[in-house]
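# Structural characterization, general
Each chain, written out:
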Amino acid sequence: MKSTGTSGLESASVPMDEVDPRARVQVLYRRHRDEVYRLALRYGKGDPAWAEDVTQDVFVSLCRTIHKLDDWDDLGRWFYRVTHNCCLSRLRRNAAMNAPGVRWLLRRERKVDDQRRAEHCTGLREVFETIDVLPPKQRVAFCMYYIDGLEQQEIGDVLGFSKSYVCRLIQKAKAALEEAGWEDRDGG
Amino acid sequence: MAADQRELIARLIAADEALTEEKLPPSGVHRIANRISEELDGTREEKRLRWAPMVAFVAGAVLVLAFFGYTRGLSSPGSSEAPARVVSNAPQPRAVVTGPGCLQEDDDDELTLRGTCEVVTHSPVMRVQTTETAAIRLGERVVTLDRGTALFDVDPTKDDPVRIVTPAGEIVVVGTRFRVATKASTAEVDLYEGVLEIHDRAGRNVRMQAGEHFVLRTTLPVPADAVEIDEAVELEADAEQPAAPEGKASTRRGRPEDAKPPSASEIIEQVRSLRRRGQYTRAARTLERALKRQWPKRTADVLSYELGGIIARHLQDDQRACKHWSRHLERFDGTRYRKQIAASMRTLGCGA
């Protein structure tokens with residue numbers, strides 16, 4: 001473990017355009033880490049460890065692409081996109097690992113750390129548990145549409161899907177929730 | 001309990017807003033910062049193991065190729081389906097003999113084949129098919145057909161062509177598909193594709209083109225020009241006529257008495273060849289003569305339909321075509337071409 005790296009990251013405060021990539025990452029880490037963590041908590045149903053892992057993934061991606069990024073003042077959109085994609089990848093991986101066949105092969109029980117989540121975010125988990133019935137892609141598209149208020153085209157741009165596919169994902173998500181007992185009284 | 005989706009969305013938004021107070025815990029901050037430092041220093045294991053996916057991919061590809069190679073090896077001709085698979089002991093080229101019910105005797109350098117056999121050699125690439133008893137010797141780029149009939153399919157080679165040696169002469173293969181029927185003193189050659197050079201015992205050379213028929217003789221003078229395949233068919237169709245006397249015409253028009261008349265598929269192939277060359281009258285004549293022979297009803301139906309098609313479409317002799325179709329319908333009650341014939345008769349205006 002490198003303590004110098006840690007202290008360096010914590011103490012950087014230099015203008016973005018004049019610093020080397022390491023310092024840039026440090027500044028961006030301090031500026032965006034909580035925002036990334038909060039987004040990850042949403043999809044991790046309040047699980048802090050899960051959200052930390054996603055946050056780490058996002059910043060590792062940043063380290064690997066730092067030399068390609070140009071617009072230093074408007075990286076919020078980049079973080080939003082990468083965080084959603086990291087969450088989606090992780091949700092899909094979890095779904096695959098929790099498939100009955102894979103669990104049987106790996107001799108693993110379904111991994112649910114309810115107690116730890118409950119300690120951290122009581123109530124939060126229950127709310128997000130309701131959309132846990134949705135497959136990862138539908139869940140992410142649904143949240144982006146209804147919580148973040150993004151247009152279908154914007155969601156498609158972030159996730160790399162077409163607008164029509166995003167529309168289908170949202171419709172399927174609504175249908176799945178309806179089947180799970182949530183009625184759509186708006187009809188739309 | 002059923003609830004409104006709007007209510008669910010409102011609760012989700014509220015829960016999400018509640019998260020705005022959340023911050024990355026200090027332990028997480030340090031852990032991720034350390035991970036970032038490692039990433040920037042390039043000390044992570046993944047950096048050094050970037051070749052690992054490539055190695056895995058290559059290993060997978062090798063396994064897949066090995067699997068396909070193994071399965072192809074299993075399904076290659078003669079391994080399991082063809083019990084008659086025998087690797088010839090002939091010195092050069094190495095040959096594989098296959099064929100259902102093929103019996104072969106490998107006597108030093110001569111290979112005697114009985115039944116329907118296929119001999120495949122790899123150097124040169126050549127396929128020899130036999131349907132009757134045939135005796136061949138495989139040498140280095142020289143195949144000797146001592147007796148019997150064989151269909152040769154040879155890959156094109158210009159520098160060092162394959163030579164087929166018969167008792168009557170030698171055939172130089174420039175890359176082609178042809179049939180050789182060897183008798184005691186003759187060798188008949190039917191060339192289907194490509195070009196052949198024939199060298200007779202008298203030292204004369206003839207170049208054959210696709211679709212031509214040639215008879216090589218040991219005792220008689222050999223013609224300098226090749227006989228066209230339709231003429232050979234004429235001779236075969238006139239088998240009842242007395243054989244031409246040994247002499248001037250027999251080499252060109254004569255046909256050995258023990259020669260087998262062409263099969264229906266051979267006739268069809270000859271007719272196709274003639275049609276390709278636009279020789280419709282000859283094609284019709286070939287079919288008319290063939291129809292004089294005794295055929296199974298279905299075969300005769302096919303040949304007669306072919307003839308009718310040529311008369312109607314190519315010769316455009318409406319009256320003759322109508323007459324032919326009427327006779328065809330009478331002769332082949334329940335013909336498989338009823339619809340096509342009816343359509344043709346309508347087009348021709350038969351009976352109008």
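Before reading further, recall that the structure is shown in the block above.
So, here's what we can say about the structure. In this text the structure is predicted, and so the values were computed from the model without any measurement. (Residues numbered from 1 in each chain as written. Chains lettered and ligands numbered in written order. Predicted model: local features only at pLDDT ≥ 70, side-chain atom pairs only at ≥ 80, totals over all residues. Heavy atoms only, no water.)

### A closer look at the overall build of chain B
Helix and strand counts for chain B stand at 11 helices and 15 strands. Here chain B, with 352 residues, has 43% of them falling under the buried criterion. Summarising the internal contacts of chain B: among those between residues at least 6 apart in sequence, 39% fall at separations of at least 24. Of the roughly 19,300 Å² of accessible surface on chain B, 53% is carried by carbon and sulfur atoms. (Helix = DSSP H or I, 4+ residues; strand = E, 2+ residues; numbered from the N terminus. Buried < 20%, exposed > 50% of the residue type's maximum accessible area, 1.4 Å probe, protein only. Contact = heavy atoms within 4.5 Å. Areas by Shrake-Rupley, 256 points an atom, 1.4 Å probe, with all protein chains shown as cover.)

### Let's talk about a nonpolar patch on the surface
Residues and elements named next belong to chain A. A contiguous nonpolar surface patch, about 450 Å² in accessible area, is contributed by Met97, Trp104, Leu105 and Leu106. The biggest single contributor to the nonpolar patch is helix 5 (residues 100–106), with 3 residues. Within the secondary structure layout, Met97 lies in helix 4 (residues 76–97). We classify Met97 as partly exposed; its relative accessible area is 30%. (Patch = residues over 30% accessible without salt bridge, like charges linked within 9 Å, V, L, I, M, F, W, Y side chains within 5 Å. Salt bridge = Lys/Arg side-chain N within 4 Å of Asp/Glu carboxyl O.)

### So, the state of the cysteines
Taken as a whole and assessed by the stated rule, the structure comprises 1 disulfide over all chains. Between the sulfur atoms of Cys322(B) and its disulfide partner Cys350(B) the distance amounts to 1.9 Å. Residues Cys322(B) and Cys350(B) are joined through a disulfide that is left-handed, its torsion about the S-S bond being -85°. Here Cys322(B), found in helix 10 (residues 318–331), pairs with Cys350(B), found in the segment after helix 11 (338–348); they are 28 residues apart in sequence, far enough to count as distant. In this structure Cys87(A) is not part of a disulfide, and its nearest cysteine sulfur, from Cys86(A), lies 7.1 Å away. Just so you know, Cys143(A) is unpaired, no disulfide at all, and the nearest cysteine sulfur is the one on Cys87(A), 10.0 Å from it. (Disulfide = S-S within 2.5 Å.)

### What about the pattern of salt bridges?
Counting across every chain of the model gives 17 salt bridges over all chains. When the shortest N-O distance is used, the salt bridge between Asp16(B) and Arg42(A) registers 2.9 Å. On the criterion of chain membership, the pair formed by Asp16(B) in helix 1 (residues 5–18) and Arg42(A) in helix 2 (residues 21–43) is interchain, its members lying in two chains. Each member of the pair Asp16(B) and Arg42(A) is classed as buried.

### Re helix 9 (residues 297–315) of chain B
Because the α-helix completes a turn every 3.6 residues, residues three or four places apart line up on one side. All names here are of chain B. Between the first and last C-alpha of helix 9 there are 25 Å, a value that for 19 residues agrees with the 27 Å anticipated at 1.5 Å per step. Taken residue by residue, helix 9 has Ala300, Asp301, Leu303, Ser304, Tyr305, Leu307, Gly308, Gly309, Ile310, Ile311 and Ala312 as its buried positions. Gln316 lies just past helix 9 and shows a positive phi near 55°. (Expected span 1.5 Å × (residues − 1).)

### Observations concerning the nonpolar core
Ranked by internal contacts, the top residues of the largest apolar core, which has 56 residues, are Leu62(A), Phe79(A) and Met144(A). Those elements that place two or more of their residues in this core are helix 2, helix 3 (48–65), helix 4, helix 8 (136–146), helix 9 (152–159) and helix 10 (163–179) of chain A together with helix 1 and helix 2 (26–41) of chain B. Ranked by the residues each element gives to this core, the list is headed by helix 2 of chain A, at 9 residues. Apart from residues lying up to four places away in sequence, Leu62(A) is in contact with Val25(A), Leu28(A), Leu69(A), Trp78(A) and Phe79(A). Within the second largest apolar cluster, 32 residues are counted, among which are Val97(B), Leu111(B), Leu138(B) and Ile198(B). (Core = buried A, V, L, I, M, F, W, Y, C linked by side-chain atoms within 4.5 Å.)

### Brief notes about the pairing of strand 9 (residues 142–154) of chain B
Residue and element names in this part refer to chain B. With 10 of its 13 residues buried, strand 9 lies for the most part within the structure. Relative to strand 9, strand 7 (residues 125–130) runs antiparallel, the two sharing 4 bridges. The residue bridging Arg127 from the neighbouring strand is Asp153, located in strand 9. Bridge count for strand 8 (residues 134–138) against strand 9 is 4 bridges, and the pairing is antiparallel. Residue pairing in the sheet places Ala135 in a bridge with Arg147 of strand 9. Remark: 3 residues form the turn of the hairpin made by strand 8 and strand 9, two consecutive strands paired antiparallel; Arg141 in that turn has positive phi of roughly 65°. By the bridge criterion, 3 bridges tie strand 9 to strand 10 (residues 162–166) in an arrangement that is parallel. Bridged to Thr144 within strand 10 is Val165. (Pairing = 2+ DSSP bridges.)

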